[in-house]
Amino acid sequence: MLALSRHITRGRLFWLGLFALTWALSTYSFQLYKLLDARWVIRFPSALQLNLDTEISNFLDWLVNEAHFGLFSFRDLTRAIAWMIELPYQFLRNLLIEGFQTGIGDGAVQIAPSLSWIAVIAIAVAIGHYARDWALALLVGVCFLYLAVFGQWDSAMITLASVLVAVPIGAVGGLALGILAYRMPWVETLLRPILDLMQTVPVFAYLVPILILFGFGPVAALVATVIYAMPPMIRVTIVALKTVPEELLEAGRMMGATPRQMTWKVLVPAATPTLMVGVNQVIMLTLNMVIIASMIGAGGLGFDVLASLRRLDIGAGIEAGLAIVVMAIALDRASQAFSERRMSHPRTGSVVQRYPWTTTVLAIVVVTYLLGQIIPAIQNYPDALKISTGAFWSDAMAWINVNFFDTLETIKTVLLTTLLLPVKKFFAGIPWFWGILAMGLIVGRVAGWKLGLAAALMMLFIAASGLWGEAMVTLYLCGVSVFIAILIGTPLGIWAAQKPGAGRVILGLMDTLQTLPSFVYLIPVVMLFRVGDFSAMIAVVLYALAPAVRYAAHGIREVPPQLLEAGRMAGCTPSQLLWRVKLPLATPQLLLGLNQTIMLALSMLVITALVGTRDLGQEVYIALTKANAGQGIVAGLSVAVIAIIADRIVHALADKQKRRLGL
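All of the points below concern the structure found in this document. Quick caveat, the model's predicted, so the values are computed rather than measured.

## Looking at the nonpolar core
Membership of the largest hydrophobic core comes to 209 residues, with the highest contact counts inside it found for Phe144, Trp153, Phe204, Leu207, Met459 and Ile462. Ignoring anything within four residues of it in the chain, the contact list for Ile462 reads Leu467, Trp468, Ala471, Ser638, Val641 and Ile642.

Following this line, the structure appears as structure tokens:
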């Protein structure tokens, strides 16, 4: 017991000493620089800086303009990929919104119109009913009707066309790679660090090299979307196949199934419910990325939001943002229903009796096509019946700003002066050499000296790339945002777990927040608080709040009932039961929630570069606007470094707590 007490004391002294030394060096780094007359104290020596960004840019330039593989060049390869993606994309655009034409330019003649808005809504309703029931069919139908009534139909159909192309490619590609990794362990070993990198590199960083390789336009946006959305499907596939019950595999072997039959007739069918969860993730990430990819020509609702942000047109921005939310809700609920769907018995009878929804939809498509030639309102939703809420949202924001300006400014000023600016000053003052050493010591103390050395080398990469200052701003914004998100989210999660009625409301709200694409958070925040670090922090907190709530609720609910009963028998009050039994046992889940909160915060920080933060996200955004692939990739890798280090620290803490609790 005495040895344990000494160990705890030494641990506290280590952390207190490390913080005190870091604070002293941060506070007096400028004085140290003046005393030593050495610029290297506050800035990494320029002579030792890496020119990795230049080398990457030169390599991509060579790849696009000079690389040749005998029968074809790299440019021919990218054009072939673009052509294969553009064919289905253009077909879907024609089918959903533009109609089919023959000829080019002014001589083009329409040979067939697009599907009418009524037909598209009927298809959506049919999918909802097939996936679950009439309640889901009504929800999906109302969501698509909303797009027509509120004047967002054209942009929404362009976005839907992108989703319908990117999701199958991402899902099928992820499934194929996941099966390959399951079959060949060395492939999984090779894929794991690549997937870690793909899921931690900021979304904007994907756009820069793809913009150079594929040019500006919707095809480049779709390529970026597929690359971004595929990793979760690969991971889910590997996990799903590994969790197929051994008795099913044994039954397949006893029946003499070949490896191919084992894969497609045993493994994949048994893992289908879990695989559909992966498809749901691909859909949501695709929708999120399609919005971001509007910056390189994707068009659709994402472009409308971006254009509104640039014009500071709050009404149009919120209208387009709400349309994104509505579409995301429809696609999310439908894909979730498919993941929970069970096999149904085949129907008998005529074709209409066996396939009632298919025949109904085909009949509606034909009827609306014929009537649409006579009655334009059937083909296109009439403009006279459209409702615009732009003026309402603009007036509402103006009213809030007029009536609550002083209150909002007071809140902003208090948080800036008491929290944000002091923390920013602390991180900004940390000398690069001490920051590298301190990070190595922190990770080494928590996760072992090997990971500590790796973390120090990764931080050295950031410093040597000339991005130390930007990285410290990223750490400051991420740290403050995650702290506030955990401070709000953990009590909400505990409340949701202990009060079922409140839990339904809270978790329903978290569902909505997780459904919102990241761009949407910026619109009201910018209008209420203008640009700057405070606005970025508010947007990040809202975006990263959901996992903090969810994991806290899950951790409290998963505490074994027998331990709770033992606590009650020992005379614990409800408060003691929470603090001394539930929270300690839920700590591993709380740490996993912290991990996910950090990941979401870092991904959102890159989006908040649009509101003027001066961090690594801003570097990626600047690289995108200048088409500087080297700068964008290096800045993106720097964000990934921070994410990987945070991930390893939190996982090590969670593992230690599990071992301590004997879990």
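## Examining the packing of helix 8 (residues 185-200) against helix 28 (residues 629-661)
The geometry of helix 8 relative to helix 28 is characterised by a closest axis approach of 8 Å and an angle of 115° between their N-to-C directions. Considering their axes alone, helix 8 and helix 28 lie roughly perpendicular with respect to each other. In this structure, the crossing between helix 8 and helix 28 has a hand that is right-handed. Of helix 28, the residues touching helix 8 (which contributes Asp196, Leu197 and Thr200) are Leu637, Val639, Ala640, Ala643, Ile644 and Arg648. A breakdown of the residues in the contact of helix 8 with helix 28 according to their chemical character gives six nonpolar, one polar and two charged.

## Some remarks on the packing of helix 26 (residues 574-607) against helix 28
Helix packing for two helices is described by the angle between their axes and how far apart those axes are. Between helix 26 and helix 28, the shortest axis-to-axis distance is 9 Å and the interhelical angle comes to 175°. Considered as vectors, helix 26 and helix 28 are oriented roughly antiparallel to each other. Packed against helix 26, whose contacting residues are Pro584, Leu585, Thr587, Pro588, Leu591, Leu592, Leu594, Asn595, Ile598, Met599 and Leu602, the element helix 28 presents Val639, Ile642, Ala643, Ala646, Asp647, Val650, His651, Leu653, Ala654, Gln657, Lys658 and Leu661 at the interface. Broken down by class, the residue content of the contact of helix 26 with helix 28 amounts to 17 nonpolar, four polar and two charged.

## Let's talk about a positive patch on the surface
Together, Arg445, Lys656, Arg659 and Arg660 make up a positively charged patch on the protein surface. Sorting elements by how many residues they give to the positive patch places helix 28 first, with three residues. Checked against the element boundaries, Arg660 lands in helix 28.

## Section: helix 19 (residues 432-447)
For an α-helix the count is 3.6 residues per turn, leaving residues at separations of three or four pointing the same way. Over its 16 residues, helix 19 runs 22 Å from end to end, which matches the ideal 22 Å to within 8%, given 1.5 Å per residue. Where helix 19 is concerned, the buried positions are Trp432, Trp434, Gly435, Ile436, Ala438, Met439, Gly440, Val443 and Val446. Immediately beyond the C-terminal end of helix 19, within one or two residues, lies Gly448, with a positive phi of roughly 105°.

## Observations regarding the pattern of salt bridges
If you walk through the whole model with that rule in mind, you get seven salt bridges. Close ionic contact of Glu98 with Arg93 constitutes a salt bridge, the shortest N to O distance being 2.6 Å. Given the relative accessible area of 16%, Arg93 is considered buried. The shortest N-O distance in the salt bridge between Asp383 and Lys386 comes to 3.0 Å. When salt bridges with common partners are traced through the structure, they connect Glu188, Arg192 and Lys242 into a single cluster.

## Overview of the side chain of Thr237
With respect to the helices and strands, Thr237 occurs in helix 10 (residues 218-242). Owing to a relative accessible area of 0%, Thr237 belongs among the buried residues under this scheme. Every residue in contact with Thr237, bar those within four places of it in the chain, is listed here: Gly174, Leu175, Gly178, Ile179 and Leu275.

## Notes on the packing of aromatic side chains
For the structure shown, the criterion picks out ten aromatic pairs. For the pair Trp399 and Phe404, a centre-to-centre distance of 5.5 Å together with 70° between the ring planes defines the contact as edge-to-face. The exposure class of Phe404 is partly exposed, given its relative accessible area of 36%. The interplanar angle of 70° and the centroid separation of 5.0 Å between the aromatic rings of Phe529 and Phe534 together place this pair among those described as edge-to-face. Accessibility classification places Phe529 together with Phe534 in one group, the buried group. Three or more aromatic residues joined by ring pairs form one cluster here, namely Phe19, Phe426 and Phe427. Directly above the aromatic system of Phe14 lies the positively charged group of Arg445, at a separation of 4.7 Å from the ring centroid.

Reading guide: rules and limits
- Residues numbered from 1 in each chain as written.
- Predicted model: local features only at pLDDT ≥ 70, side-chain atom pairs only at ≥ 80, totals over all residues.
- Heavy atoms only, no water.
- Core = buried A, V, L, I, M, F, W, Y, C linked by side-chain atoms within 4.5 Å.
- Buried < 20%, exposed > 50% of the residue type's maximum accessible area, 1.4 Å probe, protein only.
- Contact = heavy atoms within 4.5 Å.
- Axes fitted to C-alpha atoms, helices over the stretch in contact; angles between N-to-C directions.
- Helix = DSSP H or I, 4+ residues; strand = E, 2+ residues; numbered from the N terminus.
- Parallel < 35°, antiparallel > 145°, perpendicular 65-115°, else oblique.
- Left-handed = near helix turned anticlockwise from the far one by under 90°.
- Nonpolar A, V, L, I, M, F, W, Y, C, P; charged D, E, K, R; others polar.
- Patch = residues over 30% accessible without salt bridge, like charges linked within 9 Å, V, L, I, M, F, W, Y side chains within 5 Å.
- Areas by Shrake-Rupley, 256 points an atom, 1.4 Å probe, with all protein chains shown as cover.
- Salt bridge = Lys/Arg side-chain N within 4 Å of Asp/Glu carboxyl O.
- Lys, Arg positive; Asp, Glu negative; His and termini not counted.
- Charge placed at Lys NZ, Arg CZ, Asp CG, Glu CD.
- Expected span 1.5 Å × (residues − 1).
- Phe/Tyr/Trp six-rings, centres within 6.5 Å; stacked < 30°, edge-to-face > 60°.
- Lys NZ or Arg CZ within 6 Å of the ring centre and 35° of its normal.

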